[in-house]
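Fold and geometry: a report
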Amino acid sequence: MARPFVKMNGAGNDFVVVNALETPFAPTADQARAIADRQTGEGCDQLIALEPSKTADAFMRVWNADGGAVETCGNALRCVGWMLLQSSGKEQVTIDTLGGPTTARRAPDGRITVDMGAPRLNWDQIPLDEAMDTRGIELQVGPIDAPVLHTPAAVSMGNPHVVFFMDHAPNDGFVTGVGSLIEHHPRFPEGVNVGFAHVVAPDRIRLRVWERGAGLTRACGTGACAALVAAARRGLTGRAATVEVDGGELRIEWDEATDHVFMTGPVEVERTGTLAL
């Protein structure tokens, strides 16, 4: 069965988006992997389906490049938000996900702002394997007496994140080596997205992310939110910062009044096509 799709990206994090509001779309893990394959398929970090919702404008379902279903994706929320805003003419739309509902609205310069909700900061909300302070969890990389990295922060933005703070932005080999090691560490029963953050200034963070089930990505929206929350909790930044990812810049604000995290960033439509399943 042929299904039309739209190829989009948010700061370089790219998606194949299928409209399943009227006709269900339920790919197997193998089909999702095949679609995401950059050599033989359409090529994307995540496959997205827009489904009907009784409580929101749409439900966003997300599969990672490895074929596994995940809770949510921040950059995809902006892309889906843009599509729903365009088609409905509304000022604000609500998108439901397995990670909970969120809202999207237009921002200046064609960007989209998404309300990512309140960060989840308790150990069992991330989740971790045992109780500990999530501002700096018990985890290290390298020799016990001279670890390369240690005591990262843990945050859930509807999906689990761990954030290591570094004095520079690491290269691809380092991100891949450490990220793939930590992604399935027993500390994280549901796996984890691994962020490497360099605080450039109190209002600027350079971030690279190894994404659970997708690998090294050009941007990770929930990862950018997690990095800002983790940095603010440690007093390394204020509650708002520009997070510089490989694919561009995201503006992240952790609102004190509501405790919600707001992410503003670009949306790009690359092309349309048809999937042959």
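As shown above, the structure is provided for reference.
If you're wondering where the values come from, they're calculated on a predicted model, not measured in any experiment. Along every chain, residues carry numbers that run from 1 in the direction the sequence is written. In view of the model being predicted, local features appear only for residues whose pLDDT reaches at least 70, and side-chain atom pairs are presented and counted only at 80 or more, with totals across whole chains, interfaces and linings using the full set of residues. The side-chain values count all of the structure's non-hydrogen atoms but skip hydrogen atoms and water molecules.

Another aspect to go through is the overall build of the chain. By the criteria applied, helices consist of DSSP H or I runs no shorter than four residues and strands consist of E runs no shorter than two, each listed in order from the N terminus. When you go through the chain residue by residue, the secondary structure sums to four helices and 19 strands. Rg of the C-alpha trace for the chain: 18 Å, near the compact-globule value of 19 Å for 277 residues, within the 12% margin. In the chain, the proportion of contacts linking residues at least 24 apart, taken out of those at least 6 apart, comes to 59%. All accessible areas in this document rest on Shrake-Rupley with a 1.4 Å probe, and a residue is counted as covered only by the protein chains that are shown. Of the accessible surface of the chain, which amounts to about 11600 Å², a share of 49% is contributed by carbon and sulfur atoms. Within this scheme the basic residues Lys and Arg register as positive and the acidic residues Asp and Glu register as negative, but His and the chain ends are omitted. To locate a charge, the coordinates of NZ of Lys, CZ of Arg, CG of Asp or CD of Glu are taken. In the chain, 24 positive and 35 negative side-chain charges are present, and the distance between their average locations comes to 3 Å. We compute the radius of gyration over the C-alpha atoms and compare it with the globule rule, which gives 2.2 Å times the number of residues raised to the power 0.38. Contact definition: two residues touch when any of their heavy atoms are within 4.5 Å.

Another aspect to go through is the packing of aromatic side chains. The pairing test for Phe, Tyr and Trp rings, Trp by its six-membered ring, is centres within 6.5 Å, and the orientation test on the planes gives stacked under 30 degrees, edge-to-face over 60, and tilted for anything in between. In this structure the tally under the stated criterion is three aromatic pairs. Ring geometry for Phe-164 versus Phe-196: centroids 6.0 Å apart, planes at 15°, classification stacked. With a gap of 32 residues between them, Phe-164 in strand E12 (residues 160-165) and Phe-196 in strand E13 (residues 193-201) connect regions that are remote in the sequence. In terms of burial, Phe-164 and Phe-196 fall into one category: buried. Judged by centre distance (5.9 Å) and plane angle (75°), the rings of Phe-174 and Phe-196 are edge-to-face. Burial classes follow relative accessibility: with a 1.4 Å probe on protein chains only, a residue under 20% of its type's maximum area counts as buried, one over 50% as exposed, and anything between as partly exposed.

Once that is clear, we can look at helix H2 (residues 74-88). Look at H2: 21 Å from first C-alpha to last across 15 residues, which is about the 21 Å you get at 1.5 Å a residue. Of all the positions in H2, only Gly-74, Asn-75, Ala-76, Leu-77, Arg-78, Cys-79, Val-80, Gly-81, Leu-84 and Leu-85 are classed as buried. In the stretch just after H2, Gly-89 is the one whose phi turns positive, near 75°. Every helix has an expected span of 1.5 Å times one less than the residues it contains.

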